[in-house]
There are 2 protein chains.
Amino acid sequence: MAASSRKRSAGEHEFLEALRSAASRLGGSSGVVIGIGDDAAVVRTGPRTVLTTDSLIEGVHFHGGWLTPAELGRRAFRVSASDVAAMGGRPRYVLLSLEAPPLAAAGSGFDIAFAMEILRGLAGDARRVGAELVGGNVSAAAQWGVTVTVVGSAPTRPVTRGGARVGDLVLVTGALGGAAAGVRTLAQGSAGARRLPLRREAVTSAYRKPPCRLGLGADLAEARLLRSMIDVSDGLVQDLGHLCRHSDVSISFDSLEVPIHRAATTAVDGARDAALALALGGGEDYELAMTAAPANRNAIERIAARHRCRLTVIGTVTAGSSGVTDVRGMLGGQRGFDHFRAAGKPKGRR
Amino acid sequence: MAASSRKRSAGEHEFLEALRSAASRLGGSSGVVIGIGDDAAVVRTGPRTVLTTDSLIEGVHFHGGWLTPAELGRRAFRVSASDVAAMGGRPRYVLLSLEAPPLAAAGSGFDIAFAMEILRGLAGDARRVGAELVGGNVSAAAQWGVTVTVVGSAPTRPVTRGGARVGDLVLVTGALGGAAAGVRTLAQGSAGARRLPLRREAVTSAYRKPPCRLGLGADLAEARLLRSMIDVSDGLVQDLGHLCRHSDVSISFDSLEVPIHRAATTAVDGARDAALALALGGGEDYELAMTAAPANRNAIERIAARHRCRLTVIGTVTAGSSGVTDVRGMLGGQRGFDHFRAAGKPKGRR
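Residues numbered from 1 in each chain as written. Chains lettered and ligands numbered in written order. Predicted model: local features only at pLDDT ≥ 70, side-chain atom pairs only at ≥ 80, totals over all residues.

Turning next to the overall build of chain A. A count of helices and strands for chain A gives eleven helices and twelve strands. Across the 350 residues of chain A, 60% fall into the buried class. Relative to all contacts within chain A whose residues are 6 or more apart in sequence, the contacts with residues 24 or more apart total 84%. (Helix = DSSP H or I, 4+ residues; strand = E, 2+ residues; numbered from the N terminus. Buried ≥ 20, exposed ≤ 12 C-beta atoms within 10 Å, placed from the backbone. Contact = placed C-beta atoms within 7 Å.)

Bringing the packing of helix α2 (residues 69–85) of chain B against helix α3 (residues 112–128) of chain B into the picture now. For any two helices packed against each other, one specifies the crossing angle of their axes together with the interaxial distance. Residue and element names in this part refer to chain B. At a closest axis distance of 7 Å, the pairing of α2 and α3 adopts a crossing angle of 45°. The orientation of α2 relative to α3 falls into the category oblique. The crossing of α2 and α3 is right-handed. Here Pro-69, Ala-70, Glu-71, Leu-72, Gly-73, Arg-74, Ala-76, Phe-77 and Arg-78 of α2 come into contact with α3, specifically with Phe-114, Glu-117, Ile-118, Leu-119, Arg-120, Gly-121, Leu-122, Asp-125 and Ala-126. Looking at the contact of α2 with α3 residue by residue, the class counts come to ten nonpolar, two polar and six charged. (Axes fitted to C-alpha atoms, helices over the stretch in contact; angles between N-to-C directions. Parallel < 35°, antiparallel > 145°, perpendicular 65-115°, else oblique. Left-handed = near helix turned anticlockwise from the far one by under 90°. Nonpolar A, V, L, I, M, F, W, Y, C, P; charged D, E, K, R; others polar.)

Residues A:Val94 and B:Val94 are the most contacted members of the largest nonpolar core, which totals 212 residues. Contact partners of A:Val94, with chain neighbours within four places excluded, come to A:Phe77, A:Ala126, A:Ala131, A:Glu132, A:Leu133, A:Val134, A:Val148 and A:Val150. (Core = buried A, V, L, I, M, F, W, Y, C linked by C-beta atoms within 7 Å.)

The subject of this paragraph is the confidence of the model for chain A. Residues and elements named next belong to chain A. Scored by pLDDT, chain A comes out at a mean of 87, with 86% of its residues at no less than 70. Segment residues 1–6 is flagged for pLDDT under 50; beyond a separation of four residues in sequence, or across chains, it makes 34 contacts in the model. Taken together, the stretch residues 333–350 has pLDDT below 50 and engages in 49 contacts with residues farther than four places along the chain or on a different chain. If you check the scores for this complex, the pTM reads 0.90 and the ipTM reads 0.89. (pLDDT = per-residue confidence, 0-100.)

Moving on, we come to the sheet that holds strand β2 (residues 41–44) of chain B. The six strands are arranged β5(A)-β4(A)-β6(A)-β3(A)-β2(B)-β1(B) in an open sheet whose pairing can be described as mixed. Strand pairing shows two members of the sheet lacking a second neighbour, β5 (132–140) of chain A together with β1 (32–34) of chain B, which therefore form its edges. Each strand of the sheet is rotated relative to its neighbour by a mean of 20°, with strand direction disregarded. Here eight bridges tie strand β4 (residues 90–100) of chain A to β5(A), and the two strands are oriented parallel to one another. Counterpart to A:Glu99 in the pairing with β5(A) is A:Ser139. Its contacts with the sheet place helix α3 (residues 112–128) of chain A against β4, β5 and β6 (145–153) of chain A, and it is angled at close to 170° to β4(A). (Pairing = 2+ DSSP bridges.)

In this section: unusual backbone geometry. The phi dihedral of A:Arg224 is positive, around 55°, even though this residue is not glycine. On the secondary structure map, A:Arg224 appears in the loop between α7 (214–222) and β8 (228–231). The phi torsion at B:Glu284 lies on the positive side, around 65°, for a residue other than glycine. Residue position: B:Glu284 is located in the loop between α10 (272–281) and β10 (288–292).

Turning to the sheet that holds β8(A), a few remarks are in order. Residues and elements named next belong to chain A. Spatially, β8-β10-β7-β11-β9-β12 is the arrangement adopted by the six strands of the open sheet, whose pairing is mixed. One side of each edge strand has no neighbouring strand; the edge strands of this open sheet are β8 and β12 (324–326). With strand direction ignored, the average angle separating the axes of adjacent strands in the sheet is 25°. Here four bridges tie strand β9 (residues 250–253) to strand β11 (residues 311–318), and the two strands are oriented antiparallel to one another. What sits directly across from Phe-253, in β11, is Gly-315. Packed onto the sheet, helix α8 (residues 236–247) meets β7 (169–173), β8, β9, β10 (288–292) and β12 and runs at close to 145° relative to β8.

This paragraph deals with the domain arrangement of chain A. Accessible area lost upon the coming together of the parts serves often as the stated size of an interface. Residues and elements named next belong to chain A. Considered domain by domain, chain A is made up of domain 1 (12–153) and domain 2 (169–326). A straight line from the C-alpha centre of domain 1 to that of domain 2 covers 26 Å. Taken residue by residue, the interface counts 17 residues in domain 1 and 17 residues in domain 2. Secondary-structure elements contributing two or more residues to the side of domain 1 that touches domain 2 are α2 (69–85) and β4. Looking at the side of domain 1 that touches domain 2, its residues break down into eight nonpolar, three polar and six charged. (Domains from an automatic or database assignment.)

Our focus in this paragraph is the packing of α7(A) against helix α11 (residues 297–306) of chain A. Residues and elements named next belong to chain A. It is the contact of α7 with α11, at a shortest axis distance of 10 Å, that shows an interaxial angle of 150°. As far as their axial angle goes, α11 and α7 are roughly antiparallel. The two elements α7 and α11 meet at a crossing, and its hand is right-handed. Along its contact with α7, which presents Leu-216, Asp-219 and Leu-220, the element α11 presents Ile-300, Ile-303 and Ala-304. Along the lines of polarity and charge, the residues of the contact of α7 with α11 split into five nonpolar, no polar and one charged.

The next subject is the environment of B:Pro210. The residue B:Pro210 is located in the loop between α6 (197–208) and α7 (214–222) in this model. B:Pro210 has contacts with B:Arg75, B:Arg78, B:Val79, B:Ala179 and B:Tyr286, leaving out every residue within four places of it along the chain.

One can find A:Pro294 in the loop between β10 and α11. On the basis of neighbour count, A:Pro294 is assigned to the exposed category, with 11 C-beta atoms found within 10 Å.

Looking down a regular strand, the side chains alternate between one sheet face and the other. All names here are of chain A. In terms of residue burial, β7 counts as a mostly covered element, since four of its five residues are buried. Alignment of β7 against β10, held across four bridges, turns out to be antiparallel. The residue of β10 that forms the bridge with Leu-171 is Met-290. Inspection of the sheet shows β7 paired to β11 by five bridges, in the antiparallel sense. Looking at β11, one finds that Val-170 is bridged to Gly-315.

Here we take up α7(B). Turn by turn, an α-helix covers 3.6 residues, leaving residues three or four places apart pointing in a common direction. Residues and elements named next belong to chain B. Considered for burial, the residues of α7 that qualify are Leu-214, Leu-216, Gly-217, Ala-218, Leu-220 and Ala-221. Here the buried face of α7 lies against α2, β4 (90–100), β7 (169–173), β8 (228–231), β10 and α11 (297–306). A positive backbone phi angle near 55° is found at Arg-224, which sits one or two residues after α7.

Below, the structure is given as structure tokens:
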């Protein structure tokens, strides 16, 4: 009866209906006892469950035109699923909370086609890794926003940030700096697009389609080959710092060994130090950084090979409280970006 | 390195740190294997789990000054938890996704004190019903937004919207129309507050503090006394309509039996039809509507009495597809409110 109503809108009903049909079209029923359409979902769970939630908000985590709606949905899923992977878990169920700006032109409703593409990108990607969309809601807001909760099964011994021990090897999956290169290129806007559309496509692909290390993280955890793990979201150096603090150790790594994403090199026209800076501090890579006893190295590499995943030893865990140090001395001040400081305003490196 | 970064901001780190300490201060460790602070939480779960997510967005579901931040946190929890109650589940774990507008004055950061009050209101209320806050994140956005995911344990036989059978009694907990009366009063703004501050306090309390029927819903479900259940969020008539559609039945009720919240009567200065309209169509009541075999009535009433919860038989389930009808013929067109049509603009009844 008033603008504050929590009551479902007509558009919301339409979206939920579409969501239900998308979910059942895409979804097998594995584990889902009661899916979308009742007050809440009921699912089968094991004795230990991994839970995480994260959001992508327009003007903060992406800007109009950076991602297709399907890419936005997929990215939102992978950002949250990456946290499940970093515990050694396997995503099983997904909930979507969508915010959609009211259509200015029509004066009512929201862009349901755009919303449905987000939904399809998310649900389709989730399904490919064995997870099912089981709930969702949509609300009006000033901007697009995609909040994804992932519910996963946990291994008997979840891999935390706190298990690293002195002498462990430090390993990282894939290559780093690609997402940061993509953000940089996207923030430069359409001038770049006109000049080099193909290059732009390649340089932004790591941002638009984050890697998915779900199977690898879970397989390594279930084989009990790891001592600690974190996903690379803040940036490699900062995330290794989290491992150090949680484990009460230090990490010494060799920046010459850090795998640099091709897109990072391309984005800075081959300048090695600039590319390395993207790899060390750019963040949003959604690769996995982990530590393991040296004796487990071969077994780990075999599993990575099975997943066709590049895996690089970049350093070792050391004693003391010096934190993360590069044996080459290449570390500048790698800080996290404060998105409250510059919400909505794309900026260059500070 | 750019405004789109998913990397954690300084404010976000501070909030997550506060969140972790609030969670561990408030929380026992019941069921929580790994709490806030790692990549994801790990929790103990039973074989069947209830999952639901919902959002309260400023300008849509509430307006500045309508709720204290603690009330906002509590309301956000109860709105989601109500869906768990309606399946007969018990909330166990809670995840919070918070959106906070950047502080205009300071040009950076967000109102962390306000955010912490939301968090405390939510975590404290959750804890009182045995649920633990295990994860959260905060992002800049154009408005405050609180998205809450509740993970609950499910009874052996969850109570759905689809189990109503011809001959069932239709029951409703508590009294209805109070939240709608509160919204109406709050939307009228401060004029009312100056005139009648005490009345305003009383009239808005059902909106500011929704009921919590968690224990009752679960106890009735575990005793297998119910055939179907839904929480009253869209408005009684609309929600009974959902029961009808899911169960392929109709419902005949007596509007003279519908328990009208005192606030609804007060808000319309005692006009009976206007108060009834709020009770039938206002929504956001977060009471439970249920159907049960007549033979179970006494057992149900005993459990409700134990919970000190008013429970009223308002009608019966009938055959056919006539939907929801009132034997007194009082039903007007009760539609859901489309918040995309009027986001941000408080309106009177249409």
